[in-house]
Structure formats: structure tokens, C-alpha cells
Amino acid sequence: MLKTLSLATGLALALAGSGFAQDVVRHTNPGSNFPIARAVEVPAGKTVVYLSGAVPSVTDESADRSTPAAYGDMQAQTVSVLTSIEKSLADLDLTMGDVIKMQAFLVAPEGALDFEGFMAGYTQFFGTEAQPNLPSRSVVTVAGLVNPGWLVEIEVTAVRP
């Protein structure tokens, strides 16, 4: 009984103190201005939100939906996906500034990955004056996604402030 009471008291104190936890800490890459965080620390008591992978929306209704022509090039698809993520976050009362981790899956048609196009889309949402918070990030080249027209799928993890 004493162990249970001690555990319950400790848990209650931990939860009560969680409101005073430090903010999320984003560690930059020393000597680099590349717009990703080297690491992100999330203090105890924060709520972590995992968003499922998002894919691009159709931009050309007349194009075959199994081709990139229906969704745009790498930059257009990246912007489309991040805009969708931004809307999903807003539905959850979060913003892109709350994103702490990103996994991006990119297709390299015919072996030529357009990483510059991806970065041109990415930097419209992260590392800007209006939204300087950088997530930690992984980018993986994949053979393909479920729809052969998609070049980008991104999933993110956010922390509720």
C-alpha cells in the first residue's frame, strides 16, 4: 500500500510540474546554415502528435493521375504536401513551427533525384523569418510510392506547445 501511495504521489508531482517544463530545444548544426535541426529535445509533459504521410494534390485535372504531370514537379509536389500538412496541423491547433521531426520519401524518376526542387519547396515553410523553427529531418530516396505520379510523401511529428 505504501509503495502504491508513493508511486501515485510521485506521478501526481511529476504531472503537476510538467506545466513548468522547459520549451522544446532545437540544436542547430554547428557551422552550417542548412535548414534542419541536428537534434530536437522535447521536455517531459509535452504532447507529441504524429501525422500520417501526406501526398500531393492534383494540380492538372486534365493529366493522367498516374503521372507526375497531374501533380507537378518535385518543388510543386513538395509545396502541395507541406500545404496539406500545414492544414492538418491547423485542424489540430498546431502550426509548422510545432513540427519537430520530418521524414520525407522522394522518388527519383529515371535515377535523377531533384533534391534542389525539394529544398526549394521545403524552405518556403521552414527556416524562414516568419517560421524559423527547424525540425530534425530524414530524406529517403524510394523506388516509388503507391501512385506512380507521386514524387513526394512526407510525415511529421509535432509537439503541442
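Now for a quick tour of the structure. (Residues numbered from 1 in each chain as written. Predicted model: local features only at pLDDT ≥ 70, side-chain atom pairs only at ≥ 80, totals over all residues. Heavy atoms only, no water.)

So, the sheet that holds strand β5 (residues 136-142)
Two pairing modes exist for strands in a sheet, parallel and antiparallel, and in both the strands are linked by backbone hydrogen bonds.
Here's step 1: Within the open sheet, the four strands sit side by side as β3-β6-β4-β5. Their pairing is mixed. Of all the strands in the sheet, the pair left with one neighbour each is β3 (47-54) and β5. Averaged over neighbouring strand pairs, the angle between their axes works out to 10 degrees when direction is ignored.
Here's step 2: Of the strands in this sheet, β4 (99-107), β5 and β6 (152-160) are in contact with helix α3 (residues 115-122), which crosses β5 at around 145 degrees. (Pairing = 2+ DSSP bridges. Helix = DSSP H or I, 4+ residues; strand = E, 2+ residues; numbered from the N terminus. Axes fitted to C-alpha atoms, helices over the stretch in contact; angles between N-to-C directions. Contact = heavy atoms within 4.5 Å.)

A look at the nonpolar core
Here's step 1: Formed by 33 residues in total, the largest nonpolar core has its most connected members in Leu82, Ile85, Leu89, Met96, Phe118, Phe126 and Ile154.
Here's step 2: Setting aside residues up to four positions removed in sequence, Ile85 forms contacts with Leu51, Ala54, Met96, Ile154 and Val156. (Core = buried A, V, L, I, M, F, W, Y, C linked by side-chain atoms within 4.5 Å. Buried < 20%, exposed > 50% of the residue type's maximum accessible area, 1.4 Å probe, protein only.)

Some details on the packing of aromatic side chains
Here's step 1: Per the counting criterion, the structure on display carries four aromatic pairs.
Here's step 2: Between Phe115 and Phe118 the ring centres are 5.9 Å apart and the planes differ by 35 degrees, which places this aromatic pair in the tilted class. Placement of the pair is Phe115 and Phe118 together in helix α3, with a separation of three residues, close to one helical turn.
Here's step 3: With relative accessibility at 0%, the residue Phe118 sits in the buried group.
Here's step 4: A ring pair is formed by Tyr122 and Phe126, whose centres lie 5.0 Å apart and whose planes are at 20 degrees; its orientation type is stacked.
Here's step 5: Connected via pairs of aromatic rings, a cluster forms that spans Phe115, Phe118, Tyr122 and Phe126.
Here's step 6: The side chain of Arg137 reaches across the aromatic face of Tyr122, ending 4.5 Å from its centre. (Phe/Tyr/Trp six-rings, centres within 6.5 Å; stacked < 30°, edge-to-face > 60°. Lys NZ or Arg CZ within 6 Å of the ring centre and 35° of its normal.)

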